[in-house]
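Observations on chain architecture
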Amino acid sequence: MKNKITTIAATSLFAMAFTASANQHLLPEWEGQWQGTCQYTSKGGGVQYEFPMGLSIANRGAEALDWQISYGEGESLQLRKYRLLSEDEASGHYVIDENNGIFIDSYLVNDALVSHFSVGTSQLTTRYEINGNEMTVDMLTFGRQEVRGSGEAPYVVLAHGFNGRQHCVLYR
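All of the points below concern the structure found in this document. Computed from a predicted structure; not experimentally measured.

Re the sheet that holds strand β5 (residues 93-97)
Reading around the barrel, the 10 strands line up as β1-β2-β3-β4-β5-β6-β7-β8-β9-β10 and close back on themselves, with antiparallel pairing between neighbours. Neighbour to neighbour, the strand axes of the sheet diverge by 25 degrees on average, direction disregarded. In the sheet, strand β6 (residues 103-109) pairs with strand β7 (residues 112-119) via 3 bridges, with the strands oriented antiparallel. Note on β7: the bridge partner recorded for V109 is A112.

So, in structure tokens, the structure goes:
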């Protein structure tokens, strides 16, 4: 009888733990359909052009979100079907899986998801920040080549040339 009770209790605890983890969502406050407009500004200043952006964030369990970005509309529509994966949720470390062998490490700092990475001859810093039903998306692009080095060891500073900024405001 004691073994039966222990087995039933253990089974119940396992079922409760499984159900709790199955019902957990990764970043539920980020989920939804976000739509808005982006502006691209180059280093010369002034908005060069505007374009629509959408971001669809959908729950895929406790470990992942669908993270689908759309740029443009109609014939010029570009769709990027990414996933946001939990690397170490306790420390705010996430990974964007572009589903093509590219993984971008991202970090949640308060209500902002930030990344810094290099592609070809560029360095990019991205920042997605939510404030209620508004999301601000910023992407700053710099050259990888230093334009200036200054200071003395151990405090040598290397500066990189600015290329452009993509600034978007999206609404849910």
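Picking up after the structure, the text goes on.
With respect to the pairing of strand β10 (residues 157-171)
Remark: a regular strand shows side chains that alternate across the two faces of the sheet. Examined bridge by bridge, strand β1 (residues 32-42) and β10 share 8 bridges and lie antiparallel to one another. Looking at β10, one finds that T41 is bridged to R165. Inspection of the sheet shows strand β9 (residues 134-150) paired to β10 by 13 bridges, in the antiparallel sense. Its bridge partner being in β10, T136 is matched across the sheet by V169. Between the end of β9 and the start of β10, which pair antiparallel, lie 6 residues, with G151 showing a positive phi angle near 85 degrees.

Remarks on the nonpolar core
Counting residues in hydrophobic clusters, the biggest one holds 27 residues, and the most contacted among them are W30, M53, L55, W67, Y128 and M135. In contact with M53, other than residues within four places in its own chain, are W34, Q35, G36, C38, I69, S70, Y71, Y128, V137, C168 and L170.

Comments concerning unusual backbone geometry
A cis amide bond, omega 5 degrees, links A153 with the succeeding residue P154. Looking at the secondary structure, you find P154 in the loop between β9 and β10. Positive phi values are uncommon outside glycine, yet L27 reaches one of about 50 degrees. For L27, the location among the structural elements is in the loop between α1 (2-23) and β1. Here N110, not a glycine, exhibits a phi torsion of approximately 55 degrees, which is positive. Along the chain, N110 turns up in the loop between β6 and β7.

What to know about the environment of P28
On the secondary structure map, P28 appears in the loop between α1 and β1. Residue class for P28 comes out partly exposed when judged on its relative accessible area of 45%. Put simply, P28 and A58 are 30 residues apart on the chain and 8.8 Å apart in space, counted from C-alpha to C-alpha.

Regarding the side chain of S56
Of note, S56 is situated in strand β2 (residues 47-59). Only 3.0 Å separates the side chain of S56 from the side chain of Q33, close enough to count as a polar contact. Setting aside anything within four residues of it in sequence, one finds S56 in contact with G32, Q33, D66, W67 and Q68.

Digging into the pairing of strand β3 (residues 64-71)
Among the 8 residues that make up β3, 7 are buried, leaving the element largely enclosed by the rest of the structure. Pairing of β2 with β3 involves 7 bridges; the strand directions are antiparallel. Counterpart to A58 in the pairing with β3 is D66. Hairpin remark: β2 followed by β3, antiparallel, with 4 residues in the connecting loop; positive phi at G61, about 105 degrees. Linking β3 back to strand β4 (residues 78-88) in an antiparallel pair, the connection comprises 6 residues, with G72 at a positive phi of about 75 degrees.

Topic: the packing of aromatic side chains
Per the stated rule, a full pass over the model turns up 6 aromatic pairs. Ring plane angle 20 degrees and centroid distance 5.4 Å describe the contact between Y40 and Y49, whose orientation is recorded as stacked. For Y40, a relative accessible area of 21% corresponds to the partly exposed category. By the ring-pair criterion, three or more aromatic residues cluster together here, those being Y40, Y49, F51 and Y71.

Rules used in this analysis
Residues numbered from 1 in each chain as written. Predicted model: local features only at pLDDT ≥ 70, side-chain atom pairs only at ≥ 80, totals over all residues. Heavy atoms only, no water. Pairing = 2+ DSSP bridges. Helix = DSSP H or I, 4+ residues; strand = E, 2+ residues; numbered from the N terminus. Axes fitted to C-alpha atoms, helices over the stretch in contact; angles between N-to-C directions. Core = buried A, V, L, I, M, F, W, Y, C linked by side-chain atoms within 4.5 Å. Buried < 20%, exposed > 50% of the residue type's maximum accessible area, 1.4 Å probe, protein only. Contact = heavy atoms within 4.5 Å. Polar contact = N/O pair within 3.5 Å; in protein donor to acceptor, adjacent residues only side chain to side chain. Phe/Tyr/Trp six-rings, centres within 6.5 Å; stacked < 30°, edge-to-face > 60°.

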